[in-house]
Amino acid sequence: SFNVLWHENRRAGIKIEGRESEIGYLGEINPLILADFDIHKRVAVFEFDLKELRRVSEIEKVYVPISKYPTVARDISMLVDKSVKVRNILDIIHKAGGKLVVDVELFDIFHKEGQNSFAFRIVFGSSERTLESKEVEETIERIVSELEKLNLTIRK
């Protein structure tokens with residue numbers, strides 16, 4: 001039975017938001033079951049209903065049409081302290097670039113003396129018109145200005 005397999009106080013059902021029933025379970029195996037197999041350590045496992053998980057994940061697809069206007073890609077390389085997270089850099093690029101930033105890709109990383117070197121390719125575009133070079137350069141300057149608040153060095 002389900003209740004015999006799992007540790008009484010170390011188990012949880014996994015639910016999808018807005019649904020009543022569980023899609024899976026996570027927790028530790030009952031120590032009495034483990035003893036039957038001569039296992040004397042704690043063992044954690046999880047279980048998912050893969051058919052249900054697949055059905056739900058297929059619902060979440062979003063179609064975005066390809067823009068009829070060209071995009072422009074620019075690369076930015078930087079040296080940052082190891083404490084700076086890539087997620088923080090991505091957030092700043094998206095926020096400072098606004099709606100003109102279509103995509104950001106981290107394409108190069110290397111570590112050097114307590115610092116990380118990151119290189120990002122930023123793709124700029126608009127679904128309404130072709131961007132002018134001046135707009136792209138001003139947006140890059142705004143992004144660099146915001147990034148420099150992290151005490152990083154932009155490599156040229």
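These numbers were taken from a predicted model, which means no experiment stands behind them.

Within the fold, E28 resides in strand β2 (residues 22-29). By relative accessible area, which is 12% here, E28 ends up buried. Within the structure, E28 has its side chain in polar contact with the side chain of R42 (distance 2.9 Å). Among all residues touching E28, those that are not within four sequence positions of it are L5, W6, H7, R10, R42, V43 and A44.

Even without being a glycine, E113 presents a positive backbone phi close to 45 degrees. Assignment of secondary structure puts E113 in the loop between β5 (101-112) and β6 (115-124). For E113, a relative accessible area of 75% puts it in the exposed group. The phi torsion at N151 lies on the positive side, around 60 degrees, for a residue other than glycine. Inspection of the secondary structure puts N151 in the loop between α5 (133-147) and β7 (153-155). Of the residues examined, N151 reaches a relative accessible area of 71% and is grouped as exposed.

Attention now goes to the pattern of salt bridges. Side chains bearing opposite charge may pair, as long as their charged atoms lie close to each other. Considering all chains together, one arrives at seven salt bridges under this definition. E137 is the partner of R74 in a salt bridge, and the nearest nitrogen-oxygen pair spans 3.3 Å. Within this pair, whereas R74 is found in strand β4 (residues 72-81), its partner E137 is found in helix α5, the two being separated by 63 residues in sequence. Two residues, R121 and D75, come together in a salt bridge whose shortest N-O distance is 2.8 Å.

Moving on: the confidence of the model for the chain. Overall, the prediction assigns the chain a mean pLDDT of 88, with 96% of residues at 70 or greater. At the low end of the mean pLDDT range in the chain sits helix α1 (residues 2-5), at 69; at the high end sits α5, at 95.

Analysis parameters
- Residues numbered from 1 in each chain as written.
- Predicted model: local features only at pLDDT ≥ 70, side-chain atom pairs only at ≥ 80, totals over all residues.
- Heavy atoms only, no water.
- Helix = DSSP H or I, 4+ residues; strand = E, 2+ residues; numbered from the N terminus.
- Buried < 20%, exposed > 50% of the residue type's maximum accessible area, 1.4 Å probe, protein only.
- Polar contact = N/O pair within 3.5 Å; in protein donor to acceptor, adjacent residues only side chain to side chain.
- Contact = heavy atoms within 4.5 Å.
- Salt bridge = Lys/Arg side-chain N within 4 Å of Asp/Glu carboxyl O.
- pLDDT = per-residue confidence, 0-100.

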